[in-house]
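What follows is each chain in one-letter form.
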Amino acid sequence: MVLVLLMAAQAYDGSLHALSHWIILALYAGSSVWFALAERGGGRRADAYAWAGTLLNAGLAVYVIVEHLLAGADEAGAADAVSRLPAFLLLLQTALSVRVWHTALYAGIVGTAWAAALVVAHLDQAGMLGPHVDLTEQVPALVTFAAAALVVIDGTARLSRAVAEALRLEHQRTLLARFVPDDVAEDLAREGGLGTVRRRHACLMILDIRSFSRLSAEHAPETMVEALLSFRALAQEAVGAHGGLVDKYVGDAVLAQFVVGLPADQARAALACARTIRARLARLNRARTAQGRFPLRVAVALHAGDVLVGVFDDGTRAEYTVLGPAMNTLARIESRAKAANLDVAASEDFLRLTGPILPEGVALAPVADGGQPVLFAVGEGRRVPA
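Analysis parameters
- Residues numbered from 1 in each chain as written.
- Predicted model: local features only at pLDDT ≥ 70, side-chain atom pairs only at ≥ 80, totals over all residues.
- Heavy atoms only, no water.
- Helix = DSSP H or I, 4+ residues; strand = E, 2+ residues; numbered from the N terminus.
- Contact = heavy atoms within 4.5 Å.
- Areas by Shrake-Rupley, 256 points an atom, 1.4 Å probe, with all protein chains shown as cover.
- Core = buried A, V, L, I, M, F, W, Y, C linked by side-chain atoms within 4.5 Å.
- Buried < 20%, exposed > 50% of the residue type's maximum accessible area, 1.4 Å probe, protein only.
- Axes fitted to C-alpha atoms, helices over the stretch in contact; angles between N-to-C directions.
- Left-handed = near helix turned anticlockwise from the far one by under 90°.
- Nonpolar A, V, L, I, M, F, W, Y, C, P; charged D, E, K, R; others polar.
- UniProt positions renumbered as here; feature names shortened; annotations may be inferred.
- Pairing = 2+ DSSP bridges.

Asks: What am I meant to see in the overall build of the protein chain here?
Replies: When helices and strands are tallied, the protein chain shows 12 helices and eight strands. Summarising the internal contacts of the protein chain: among those between residues at least 6 apart in sequence, 68% fall at separations of at least 24. As displayed, the protein chain has an accessible area near 19600 Å², and 61% of this comes from carbon and sulfur atoms.

Here's what the structure looks like:
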């Protein structure tokens, strides 16, 4: 802006206020630096300095416009062009602060003062402004400024909302990352973030070590803790690798959920995870047997449905979890799977999401226990329709 003022000072040699350009130039340069440094320093007065800077910009633009209206333009109209340039540049500069009301205030002051000067020139053509003002040039210029101001204010408002939303999402994602993986945290942040409970579809999985109470009675506590931690590490790694998350550990059970993506994608990921856990558990048991330790047998139950997902905060403790009827149904499926002595069991609701053709190597067998929902044993075998 200092360079633009220098151009304006030299654009019309017969200016009535040539010296004032240099005075205004010095005052504006000094004041701009002062307000910028004061605002950057923060504190309670930072906002007041920002408003003062906006008023300074508006005052400068009005001064240059009115001064050139008083002085008149040369035949080529160069002075008029230079006198209007600060108004447009300062409009953009104010808008880049991403402050909507500051931009609107600047545009209002400049537009009103410019229009008032033209009205005075039109009504009093023998006065100071009248002889020098060419309305056929100035009115279109004012209308152009007004149109540009509306576009810039709208753009500033949109940008301000986008920046605020981006900052909110990042803040919420950072908070949620304490409870869930980054991809889940980002997904939940878009829906409201910490403390916002949403209804959404999820595929649920529960893993439970068979006969854990009996094993605890037969082996030392240290041995059971080592076995439990090995099982948890195996489950945590497999669930995370397939895009799910471990909701909680309940004794010897692990509750996992798949809440990101489409329901069909959730189901396929959960089924693949169950198969991975089964294969890794077989390898773990071979290693444990070679070391003279007892093998682990795990029951896996799969179900799908709508749940309430979010971080539940009672003011003392915050915990991410899921609630809803689907969770209760999952618990019943687990009990039925144990009663039927199944390694992997899935509800009809879950299998409906995986599609009519199962992955290679998966076989199903209905469980005729009379319970609801209909339960299927999931095993390894030839590829068959679901």
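There's plenty left to go through after this.
Asks: Looking at this model, I keep getting lost on the nonpolar core. Mind explaining?
Replies: Note that soluble globular proteins tend to have their nonpolar side chains buried in a common cluster. Among the nonpolar cores identified, the biggest contains 40 residues, and M205, L207, F231, F258, V300, L302 and F350 are the most heavily contacted of them. In this structure, F258 is in contact with H201, A202, C203, M205, V239, H242, G243, G244, Q266, A269, A270 and C273, ignoring residues within four places of it in sequence. In terms of nonpolar packing, the next biggest core, distinct from the first, is built from 26 residues, A58, L69, A141 and L142 among them.

Asks: When you look at the packing of helix 9 (residues 221-241) against helix 10 (residues 263-290) in this model, what are you seeing that I'm missing?
Replies: In a packed pair of helices, the relevant descriptors are the angle between the two axes and the axis-to-axis distance. Running from N to C, helix 9 and helix 10 cross one another at 145°; their axes reach a closest spacing of 10 Å. Here the hand of the crossing between helix 9 and helix 10 comes out right-handed. Mapping the contact onto sequence places E226, A227, S230, L234, E237, A238 and V239 in helix 9 and C273, T276, I277, R280, L281, L284 and R288 in helix 10. Looking at side-chain class alone, the contact of helix 9 with helix 10 contains eight nonpolar, two polar and four charged residues.

Asks: Could you clarify how one ought to interpret the UniProt feature "transmembrane region" (unreviewed entry) in the protein chain in this entry?
Replies: Feature annotation in UniProt places "transmembrane region" (unreviewed entry) on residues 21-37, 49-66 and 103-123, given in this structure's numbering. Along residues 49-66 one finds 100% helix and 0% strand; the C-alpha atoms at either end are 25 Å apart.

Asks: Can you help me understand unusual backbone geometry in this one?
Replies: As a rule of thumb, non-glycine residues mostly have phi less than zero, and peptide bonds are mostly trans rather than cis. The backbone of V98 shows a phi angle near 60°, a positive value even though the residue is not glycine. Mapped onto the elements, V98 comes out in the loop between helix 4 (78-95) and helix 5 (100-123). Of the residues examined, V98 reaches a relative accessible area of 26% and is grouped as partly exposed. The phi angle at N341 is positive, at roughly 60°, despite the residue not being glycine. Mapped onto the elements of the fold, N341 is located in the loop between helix 11 (325-339) and strand 6 (344-347). Assessed through its relative accessible area of 44%, N341 is described here as partly exposed.

Asks: Explanation requested: the side chain of S347 in the structure shown.
Replies: Tracing the backbone through its elements, the reader meets S347 in strand 6. Residue classification places S347 among the buried residues on the basis of a relative accessible area of 0%.

Asks: I keep staring at the pairing of strand 8 (residues 375-380) and nothing clicks. Help me out?
Replies: Residues in a regular strand point their side chains to alternate faces of the sheet. Of all six residues that make up strand 8, five are buried, and the element is covered over most of its length. Both strand 6 and strand 8 contribute to a ladder of three bridges, which runs antiparallel. The residue of strand 8 that forms the bridge with A346 is F376.

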